[in-house]
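For reference, the chains in residue letters:
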Amino acid sequence: MVVITTQKPTEEVIDALNNFKIKKLVVVSCGVCSALCQTGGTEGLERWTDILQEKGFEILAGIVSEDVCDNRVMKKDLRKIDDAVKEADGILTLSCGLGVASLVQVLSKNYPNKPVLVSNNTEFMGMTERIGRFYMRCIGCGDCLLNETGGICPITTCAKALMNGPCGGQLSGKCEVGNYEEDCGWILIYNRLKEMGRLDLFSKLRAPRDWSKTGHQRQVVFR
Ligand code: SF4
Ligand code: SF4
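All figures in this text were calculated on a predicted structure; none of them were measured in a lab.

Caption draft 1: Representation of the environment of S95. Structurally, S95 is set in the loop between β4 (90-94) and α6 (97-107). The class of S95 is buried, set by a relative accessible area of 1%. Sequence separation of S95 and A159 is 64 residues, and the distance between their C-alpha atoms is 27 Å.

Below is the structure:
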């Protein structure tokens, strides 16, 4: 699984840095998911270093972290460049939103006012078949339906996230949303359940989804 990110337009990031009056900065690049998406890692760090220096920004330190979303790793990594962090007007993270959240938390004790900005848009959790192509297959909804749908997620493969599809918009197995270019998720589910001899699950009426389980401020604590 990879958290899929795409790079924000350069000018949007530069505007954000200017908005926070950041001239000297530290760049923290994700060495895992964003590296795979080429929005972070060493490649992203080099690309942003060139862009920022060309625009007149001063980079005090640039690091690729092996786990930006693990606070323990971030703490260790930032300790090594503490002087630069102290002097910097802000941090630019080349990661998903988790990396930013992690940095904000790690910095909150010693540098509570230090702005942490992001260079990427976080798209979704992705499955991959080959490098450079990712598919949205799960949003972490908190109430997984895969045991009833043949392992195909209706939340991400149906454009309307329907519970009892297909809707009247499907045509020859294609979805009306996006002009019939994508497969209808519910036809995929039907075919899969048919192959498994479990069309009884397809016919099952599912109650409207309780989206509160997909709500915000969720956390999981393993004891
Ligand atoms: S139903 Fe879909 S979105 Fe929800 S947890 Fe399962 S795979 Fe993920
Ligand atoms: S055509 Fe299929 S995938 Fe598209 S919205 Fe309707 S049920 Fe969902």
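Still more to cover.
Caption draft 2: Spotlight on the environment of F124. With respect to the helices and strands, F124 occurs in strand β6 (residues 120-130). When the C-alpha positions of F124 and R192 are compared, they lie 24 Å apart, and in sequence the two are 68 residues distant. Beyond its immediate chain neighbours, meaning those up to four positions away, F124 contacts V2, V3, I4, F134, Y135 and M136.

Caption draft 3: Here's a closer look at the domain arrangement of the chain. Assigned domains of the chain: these are domain 1 (2-124) and domain 2 (142-209). The C-alpha centroid of domain 2 is placed 39 Å from the C-alpha centroid of domain 1.

Caption draft 4: The arrangement of the pairing of β6 in detail. As defined by bridge partners, strand β1 (residues 2-7) adjoins β6 across six bridges and the pair is classed as antiparallel. Its bridge partner being in β6, T6 is matched across the sheet by N121. Inspection of the sheet shows β6 paired to strand β7 (residues 133-138) by five bridges, in the antiparallel sense. Considered in β7, the bridge of R130 is made with R133.

Conventions adopted
- Residues numbered from 1 in each chain as written.
- Chains lettered and ligands numbered in written order.
- Predicted model: local features only at pLDDT ≥ 70, side-chain atom pairs only at ≥ 80, totals over all residues.
- Heavy atoms only, no water.
- Helix = DSSP H or I, 4+ residues; strand = E, 2+ residues; numbered from the N terminus.
- Buried < 20%, exposed > 50% of the residue type's maximum accessible area, 1.4 Å probe, protein only.
- Contact = heavy atoms within 4.5 Å.
- Domains from an automatic or database assignment.
- Pairing = 2+ DSSP bridges.

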